[in-house]
There are 2 protein chains.
Amino acid sequence: MLRTHTCGELRLSNVDQQVTLAGWVQTVRDKGGVLWIDLRDRYGLVQLILEEGVSASNLFEAARTLGREYVVKATGKVVERKSKNPNIPTGDIEVRVTALDVLNPAKLPPFLIEDDTDGGDDLRMKYRYLDLRRNTVRRNLELRHKMAQQTRIYMDGQGFIEVETPVLIKSTPEGARDFVVPSRMNPGEFYALPQSPQTFKQLLMVSGFDRYYQIVKCFRDEDLRADRQPEFTQIDCEMSFIEQEDILQMFEGLVRHLFKTVKNIDLPEVPRMTYAEAMSLYGSDKPDTRFGMKFVELKGTFDTVDLTSGKNFGVFDSAELVVGICVPGGASYTRKQIDELTEWVKRPQIGAKGLIYVRYNEDRTLKSSVDKFYSEDDLMQWVARFNGEGETCQPGDLILIISGEAAKARKQLSELRLEMGSRLGLRKPDEFKALWVLDFPLLEYGEDEHRPGEGRWFAMHHPFTSPKPEDIPLLDTDPGAVRANAYDMVINGTEVGGGSIRIFQRELQARMFALLGFSPEEAKAQFGFLMDAFEFGAPPHGGIAFGFDRLCSIFGGADSIRDFIAFPKNNSGRDVMIDSPSVISQAQLDELKIKPVA
Amino acid sequence: MLRTHTCGELRLSNVDQQVTLAGWVQTVRDKGGVLWIDLRDRYGLVQLILEEGVSASNLFEAARTLGREYVVKATGKVVERKSKNPNIPTGDIEVRVTALDVLNPAKLPPFLIEDDTDGGDDLRMKYRYLDLRRNTVRRNLELRHKMAQQTRIYMDGQGFIEVETPVLIKSTPEGARDFVVPSRMNPGEFYALPQSPQTFKQLLMVSGFDRYYQIVKCFRDEDLRADRQPEFTQIDCEMSFIEQEDILQMFEGLVRHLFKTVKNIDLPEVPRMTYAEAMSLYGSDKPDTRFGMKFVELKGTFDTVDLTSGKNFGVFDSAELVVGICVPGGASYTRKQIDELTEWVKRPQIGAKGLIYVRYNEDRTLKSSVDKFYSEDDLMQWVARFNGEGETCQPGDLILIISGEAAKARKQLSELRLEMGSRLGLRKPDEFKALWVLDFPLLEYGEDEHRPGEGRWFAMHHPFTSPKPEDIPLLDTDPGAVRANAYDMVINGTEVGGGSIRIFQRELQARMFALLGFSPEEAKAQFGFLMDAFEFGAPPHGGIAFGFDRLCSIFGGADSIRDFIAFPKNNSGRDVMIDSPSVISQAQLDELKIKPVA
C-alpha cells in the first residue's frame, strides 16, 4: 500500500504517529512561511502542514509548487491542531510533513472540484471522471451502492435467488423500440437487447425457481426525455404460487426495509388506491400524496348532483367534466397571479382552454371569474362540496376549476395541482409518501402503428398480464372495461415500480395475443416458447420490477436520475466523454454483412 | 399464498397439522387401492397419500388421473409414515390429502425431469425451462447465487463500492471482436457492447473511487468453442494507491473466502510462480498443480548439461528442446498402450512428431524406444535428472519425452501431462489447487491482422498494463523481454482471473499505443479520453477480473460453464429456446438506416 491511513480517519488518538497518506491536493494555502495543504480522498480531507525554516527547505519549496488535483504521497507525524476545524472529522489534527512525493501532477481542471461547481452540464459530462470526484456526485453513487446492497439483503432473506438472464435476446414487436445487435455468425439475423427480462423470469417460474430476482440492466431505444436513459437498471422480481396480496406485502416490505436501512425512516404501511380512484381524486395514476388538494367534481360523475347546470354558462354546460382543487391559503392570490396561472395552464404543454377560480375570502365572501353566471349561494354550494370528501375548503382558500372532456380536464388539473403543490412548498424532497395503485385497466385503445388511422387494443402493462378472473367474460364484450391484476408502487408522485399477476395458461395467453392483433402465426413465432412452456406445468405466478435509477434519485431527494448513474448518456443518446456512438470500420461492417444506408 | 408450507419442510413435528402444499407431480404410484404422489418444488419432495374407500371417491379418481409435471395444490393432514424414507428430509411423514386442485395440467415432458435425464443436449436446450427443473441444474444456479452473494459480502467488507458501468459503449480496435449496436438517433454510428469495463474502472480510479468492483456482463463476438459464451460474467475489480502485492493479498483473500463460505474448504496460502517458471515446469501459463509430473529438460535450458547429444540420434540432435515427464506407475503400460499414446500426441490437435519413452522397470532395468542410440547408462543419467528437481522417478515409472522447437514441444508435452493426469485420476474435481502466475511478458509478437505477412507487437494482457519499472528501458531495445506487472490466478489448471497494475501516466500510455501500432491520431480517437484523464490527477492503480461463470463451474466440479448459466447459447451463438438471433422487420432496418448485404 502506498499509504498507512486514508485521508478521513486520523483523530486525536493518532497524535504522534508516523503516517503516510495519499490523495489529491484540494487546496494549498501559503501564508507567512507556513504551507497548509488539504489532501482529499474518497474517505475525507486532512490537513498537511509545512513550515519554512522548520521543514527541510527542498521539501518546503517542492510543496509550494503543488497545484490543485496533484496526486501526492506524504509522510509525516500527526500533531494536534492549534485552531481546530469542527467541520471535518479530522479537524482536530494535522500532519507535519517530512517527505512528499508527487505521484502524478495534474493540469488545472476545467471546473472546480467542489460541491457547488462552476461547470455546466456539458463540461461536466465531457469530464465526467472529474465530476465524479465531487462529494455530491460520489455520495449519490455511494447511496446507490447501499440501495443495491440492502435490496439484496432483503431479497436473499426472503429466499429469492438472483439469476442472470441473457442480454442478447430476441426482438419483439410489442412495447418500445428494441436496440438490436447484428449477428456475425448468423448473417442477416439480429439479437435484441432486453427491455426487461419478462419472459425469462416467467420461464424461471415454469422451471420451479419459485422466487427470482435480479438487479439488471435493461434497454429501450426511445427518444430521450431529460429523465430517461437508453440503458437503465431494474430490480426485477417474480414469485410463484402467490396472489396479488402476497406481492404487495413482499415488496412493500422491500421498500420499507430500504427506507429503514438507507434513510433511517420508518415508512408507515403503504396505503392503497384503485386506478379509478386515483384518476378521479388526482387525475393521475401516480399521484403525489405528500399533499392534499384532491379533485372535487362539480359536474361529471353519475352519482353526483351537477352543481353547474341551468345557469347558462356554456363552457360548463357543454363540458363532460367540471373539476376543481382547493388551494389552501390561495385567496391571497392577486388577480395578476391568477391571470398568470391561467396563462400557465393554457401553455401548449398543458393545453387547457381556461381556468375558473373561486376566491373564498377570509370574510367568507366569495369572488369568482364566473360571478356573471353563478350567485354567491351557488358558489357556496360548490364550497360545501369541497368540504365534503375528506378535503376542506376554508375561508382564505382558492378554488381552481378546469372543465372539458373528462380525460383531458383531469390531466390538466393534475398538472396544475402539482404546480400548486410545488409553489406552496408542499413537495418536500425529504418527505416520503408511498402508495399502491391497483386494478389498472388491462387494455387501452390506441392507433395501430402499422395501419395509420386504424385503432387497436394495446396492453396497458404488457401482454403477459392477467385479467382479473371475474372480468374475463368482458374480454369479448367490453375489453376496455377489463381490469388487470396489475399494480404500481408510487412514491412522491413518481411510479417507482409496477407489476402484475401473469397469465399462466396457454389458451388465455393466445386469446390475449389475438386481442392485441397478433395472428396465431405471429404469436407463435414471437412467443411460441412461452406458450409451449405453459403447457408443461406452469405455476400461477406474478411479479414486479422497480426502476432502480429512479428509486435511487427519490431516496437522494433529486429530480434527475442522471446524477445517480456513473456514466450517463445525454438526450441524443451520446456518451460525450468517450464520444459514443461512433463510426465503425468497413472491415467490421463487412464481417457483420451490414451496410449503413443514407 | 397458495400454500401453507413448501414441499421440503414438513417433519415429524408437523404431524396432525392441516397443511396446503403446491408443486409439481414427480411420480404417481397406484398399488392395491393406495395412491402415492411425490410432489416436488424447489425446496424438496413430499409424499401425498390417498386411499380408495378412505379418501372421497371423486377425489381419489381425480388424483388417479394426475400426470407427471402437473401443477397441483393439495390440502391434507400430516401423518407419520409407516415405512420411512431416510433418503429425503421429509421421509418421516406423508400428507393424507383431503382436497386437491389441478392448477395447471402438463403435457408429457420431452425428457425425464430427473438427475440423470434421458434428454440430449439439443433437446435440453430447446426446453431449457424443463432442464432447469432438474435438481442438478438448479443446484448449479443456487451455487452461482451463493458465489455472487459471498463475493459481494467480501468486497463490501473490504470497502469496495459496486458501480455499474455502461453497456452501450464504443468499439475499439484492440482485442477480440466487438458486438455492435446501430444507433437510431445517430445514423451510421454504432455503440459496442463492452468486452470488459476496463477503461471505465480506470476512470473511476481517476475519480477517486479508490476501491471499485462489479459483477458484470461482458461480451465478445468470437467463434465459440465448447466452453465460451458470447456473453459472460466477470467479477471486475480495481484499487488505487496499491502495488501488485496488495492486489495479490486482497484477491487471494476473496478466493479463500469463497472456498470457506461456499465449500467449507480452508484453502492454504496460494503459491506463486513466475510465467517463466510455469512455462519451463509445466509448459503452460495455467498449470494444473493438483498433480506433479513436472517437466524435466534433457536438453534445452542454457545452464543444464545436454544429456542427449553425441549419440547420433538426429531427432534430439536437431531439437531445440528435449523435455519429458515421469509418469508414476507408468512402467506397467504395455507397448500397445504406449503406441496409442504416441498416436494421441500425433493427432493434429496436439501435433507432436512422435513420443519417446523410457520404461523404468521394477527390477531397475531400463527399456526405451531409443535403445539403439542410448545405453542403459545414458538412460540412467536421464532418470537421475528426473530425480533431481523436487520430482522423483522410481522403478515402476515411465518417462515420456517430446522434442522439437521449444515452444511447440512444451505445449505438446503440457497436453500430454494433463492427459496422463486425467488417465491416472489425478485431476479430482473435488480437490482444489490455486496458484498465482506472475511476471507475464508485456508483449507478444504476432501477425498484423491488417497487413497479412507482417508482424507487430500485441499486448499480452491489454494495452493498459504497466511494464515493470525496471524493464521500461527495454521497451526500445527488446520489447519482447519486457515483463509486465500482470498476474493470473489459476485453479486446477484453469485461469479463473487475471489482472495487472495499470499505466497511469499519459506519456507511457502513448508510448504503449505507439508500440502496438497505433498512430497518435488513432490513439487519440480511441482512447483520448483516458489519456486526457491521466493528466488531471490519476493515482497509481491496478486491478483484476475473475471469470465468474468459470469460477462457478470449478466450484461446482464441472467442466463446462454452460450448466452454470441459466439460458446459455450454443456453439453458433444461438439461443435455440427463443430462436435468437432472428430476422427483424424492414421497418426496424429502415429506422436504423442499415441494410443486410448478401
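Computed from a predicted structure; not experimentally measured.

**Describing the overall build of chain A**
Here is step 1 of the chain: Secondary structure assignment for chain A yields 16 helices and 23 strands.
Here is step 2 of the chain: Each principal axis of the C-alpha distribution contributes one length, and for chain A these read about 95 × 75 × 55 Å.
Here is step 3 of the chain: Relative to its 598 residues, chain A shows a buried fraction of 57%.
Here is step 4 of the chain: The long-range share in chain A, meaning contacts at least 24 apart out of those at least 6 apart in sequence, stands at 65%.
Here is step 5 of the chain: Once the 75 positive and 90 negative side-chain charges of chain A are each reduced to a mean point, those two points are 5 Å apart.

**Here's the deal with the UniProt feature "binding site: ATP" (unreviewed entry) in chain A**
Residues and elements named next belong to chain A.
Here is step 1 of the chain: Look at the UniProt record and you will see "binding site: ATP" (unreviewed entry) annotated at Arg 220, Asp 221, Glu 222, Gln 229, Glu 495, Gly 547, Phe 548, Asp 549 and Arg 550. Looking only at the residues we just named, the largest cavity is lined by Phe 548.
Here is step 2 of the chain: Along the chain, Arg 220 turns up in the loop between strand S9 (211–219) and strand S10 (231–240).
Here is step 3 of the chain: Residue classification places Arg 220 among the partly exposed residues on the basis of a relative accessible area of 24%.
Here is step 4 of the chain: Beyond its immediate stretch of four places on either side in the chain, Arg 220 contacts Ala 176, Arg 177, Phe 179, Gln 195, Arg 228, Pro 230 and Phe 232.

**With respect to the side chain of Arg 502 of chain B**
Here is step 1 of the chain: The topology assignment puts Arg 502 of chain B in the loop between strand S21 (494–501) and helix H13 (506–515).
Here is step 2 of the chain: A polar atom in the side chain of Arg 502 of chain B sits 3.3 Å from the side chain of His 462 of chain B.

**Here's the deal with the interface of chain B and chain A**
Here is step 1 of the chain: Counting residues at the interface gives 124 residues for chain B and 124 residues for chain A.
Here is step 2 of the chain: For the pair chain B and chain A, the summed buried surface comes to about 10,900 Å²; carbon and sulfur atoms form 60% of the total.
Here is step 3 of the chain: Counting every contact that joins chain B to chain A gives 16 salt bridges.
Here is step 4 of the chain: Measuring nitrogen to oxygen at the nearest pair gives 2.7 Å for the salt bridge that ties Glu 164 of chain A to Arg 144 of chain B.

**Here we look at the sheet that holds strand S1 (residues 18–31) of chain B**
Residues and elements named next belong to chain B.
Here is step 1 of the chain: The sheet built from 5 strands closes into a barrel, its strands ordered S1-S2-S3-S5-S4 with mixed pairing. Going across the sheet, the axis of each strand differs from the next one's by a mean of 55°, ignoring polarity.
Here is step 2 of the chain: As judged from the 2 bridges shared by strand S3 (residues 44–51) and strand S5 (residues 93–104), these two strands associate in the parallel manner. Its bridge partner lying in S5, Leu 48 is registered against Val 95.
Here is step 3 of the chain: Across the face of the sheet, helix H1 (residues 57–64) comes into contact with S1, strand S2 (34–41), S3 and S5 while running at roughly 70° to S5.

**Regarding the relation of the copies chain B and chain A**
Here is step 1 of the chain: Screw-axis analysis of chain B against chain A gives a translation of 0.0 Å along the axis, an RMSD of 0.1 Å, and a rotation angle of 180°. The transformation relating the two chain copies, once decomposed into turn and shift, fits a two-fold axis.
Here is step 2 of the chain: The fraction of interface residues of chain B whose copies in chain A are also interface residues reaches 100%, indicating that both copies meet through the same surface.

**A short note on the packing of aromatic side chains**
All names here are of chain A.
Here is step 1 of the chain: For the structure shown, the criterion picks out 48 aromatic pairs over all chains.
Here is step 2 of the chain: Measuring from ring centre to ring centre gives 6.2 Å for Phe 251 and Phe 546, while their planes differ by 45°; the resulting arrangement is tilted. Placement of Phe 251 in helix H6 (residues 244–263) and of Phe 546 in strand S22 (residues 541–547) is noted, with a sequence separation of 295 residues between them. Taken as a pair, Phe 251 and Phe 546 share a single burial class, namely buried.
Here is step 3 of the chain: Both rings, one in Phe 313 and one in Phe 316, keep their centres 4.7 Å apart while their planes meet at 70°; by these two values the pair is edge-to-face.
Here is step 4 of the chain: The exposure class assigned to Phe 316 is buried, which follows from its relative accessible area of 0%.
Here is step 5 of the chain: Among the aromatic residues, those joined into a cluster by ring pairs are Phe 313, Phe 316, Phe 373, Tyr 374 and Trp 382.

**Brief notes about the state of the cysteines**
All names here are of chain B.
Here is step 1 of the chain: Within the structure shown, the criterion is met by 0 disulfides over all chains.
Here is step 2 of the chain: Distance from the sulfur of Cys 552, which forms no disulfide, to the nearest cysteine sulfur (Cys 237) is 14 Å.
Here is step 3 of the chain: Cys 552 sits in the buried class, given a relative accessible area of 0%.

**Things to note about a negative patch on the surface**
Here is step 1 of the chain: A surface patch of like charges, here negative, comprises Glu 362, Asp 363, Glu 376 and Asp 377 of chain A.
Here is step 2 of the chain: Among the structural elements, Asp 363 of chain A can be located in the loop between strand S14 (356–360) and strand S15 (366–368).

**A look at empty space enclosed by the protein**
Here is step 1 of the chain: A full pass over the atoms with the stated rule returns 12 cavities of 30 Å³ or more.
Here is step 2 of the chain: Each pocket or cavity is described by its volume, and for the largest cavity that value is around 500 Å³.
Here is step 3 of the chain: Along its surface, the largest cavity is lined by 32 residues, and Ile 215 and Val 216 of chain A together with Arg 152, Ile 215 and Val 216 of chain B are the ones closest to its centre.
Here is step 4 of the chain: Listed by contribution, the elements that provide at least two residues to the lining of the largest cavity are helix H4 (135–157) and S9 of chain A together with helix H4 (135–157) and strand S9 (211–219) of chain B.
Here is step 5 of the chain: Along the lines of polarity and charge, the residues of the lining of the largest cavity split into 14 nonpolar, 8 polar and 10 charged.
Here is step 6 of the chain: Considering only enclosed or pocket space, the second largest cavity measures out at about 160 Å³ in volume.
Here is step 7 of the chain: Lining the second largest cavity are 20 residues, and of these Lys 217, Ile 565, Ala 566 and Phe 567 of chain A together with Glu 164 of chain B lie nearest its centre.

**Points about the pairing of S1 of chain B**
Residues and elements named next belong to chain B.
Here is step 1 of the chain: Relative to strand S4 (residues 71–80), S1 runs antiparallel, the two being bridged by 7 bridges. Counterpart to Thr 20 in the pairing with S4 is Thr 75.
Here is step 2 of the chain: As consecutive antiparallel partners, S1 and S2 are separated by 2 residues, and within that stretch Gly 32 has a phi angle of approximately 55°, a positive value.

**Structural notes on the domain arrangement of chain A**
Here is step 1 of the chain: Assigned domains within chain A: domain 1 (12–104), domain 2 (137–270 + 436–565) and domain 3 (291–427).
Here is step 2 of the chain: Taken over C-alpha atoms, the centre of domain 1 of chain A sits 63 Å from the centre of domain 3 of chain A.

**What about the environment of Ile 153 of chain B?**
Here is step 1 of the chain: Along the chain, Ile 153 of chain B turns up in helix H4.
Here is step 2 of the chain: Owing to a relative accessible area of 48%, Ile 153 of chain B belongs among the partly exposed residues under this scheme.

**Some words on unusual backbone geometry**
Here is step 1 of the chain: Note the cis peptide between Ser 580 of chain A and Pro 581 of chain A, where omega equals 0°.
Here is step 2 of the chain: Structurally, the position occupied by Pro 581 of chain A is in the loop between helix H15 (548–555) and helix H16 (586–592).
Here is step 3 of the chain: In this structure, Asn 312 of chain A takes a positive phi of about 65° despite not being glycine.
Here is step 4 of the chain: Positionally, Asn 312 of chain A belongs in the loop between strand S12 (296–299) and helix H8 (314–317).
Here is step 5 of the chain: The backbone of Lys 593 of chain B sits at a positive phi, close to 55°, despite the residue not being glycine.

Criteria and thresholds
Residues numbered from 1 in each chain as written. Chains lettered and ligands numbered in written order. Predicted model: local features only at pLDDT ≥ 70, side-chain atom pairs only at ≥ 80, totals over all residues. Heavy atoms only, no water. Helix = DSSP H or I, 4+ residues; strand = E, 2+ residues; numbered from the N terminus. Buried < 20%, exposed > 50% of the residue type's maximum accessible area, 1.4 Å probe, protein only. Contact = heavy atoms within 4.5 Å. Lys, Arg positive; Asp, Glu negative; His and termini not counted. Charge placed at Lys NZ, Arg CZ, Asp CG, Glu CD. UniProt positions renumbered as here; feature names shortened; annotations may be inferred. 1 Å grid on protein atoms, 1.4 Å probe; cavity = no way out; pocket = protein on both sides within 12 Å on 5 of 7 lines; lining within 4 Å. Polar contact = N/O pair within 3.5 Å; in protein donor to acceptor, adjacent residues only side chain to side chain. Buried area = accessible area lost by both parts, 1.4 Å probe. Salt bridge = Lys/Arg side-chain N within 4 Å of Asp/Glu carboxyl O. Pairing = 2+ DSSP bridges. Axes fitted to C-alpha atoms, helices over the stretch in contact; angles between N-to-C directions. Least-squares fit on C-alpha atoms with pLDDT ≥ 70 in both. Phe/Tyr/Trp six-rings, centres within 6.5 Å; stacked < 30°, edge-to-face > 60°. Disulfide = S-S within 2.5 Å. Patch = residues over 30% accessible without salt bridge, like charges linked within 9 Å, V, L, I, M, F, W, Y side chains within 5 Å. Areas by Shrake-Rupley, 256 points an atom, 1.4 Å probe, with all protein chains shown as cover. Points joined across faces, edges and corners; volume = space filled by probe spheres on them. Nonpolar A, V, L, I, M, F, W, Y, C, P; charged D, E, K, R; others polar. Domains from an automatic or database assignment.

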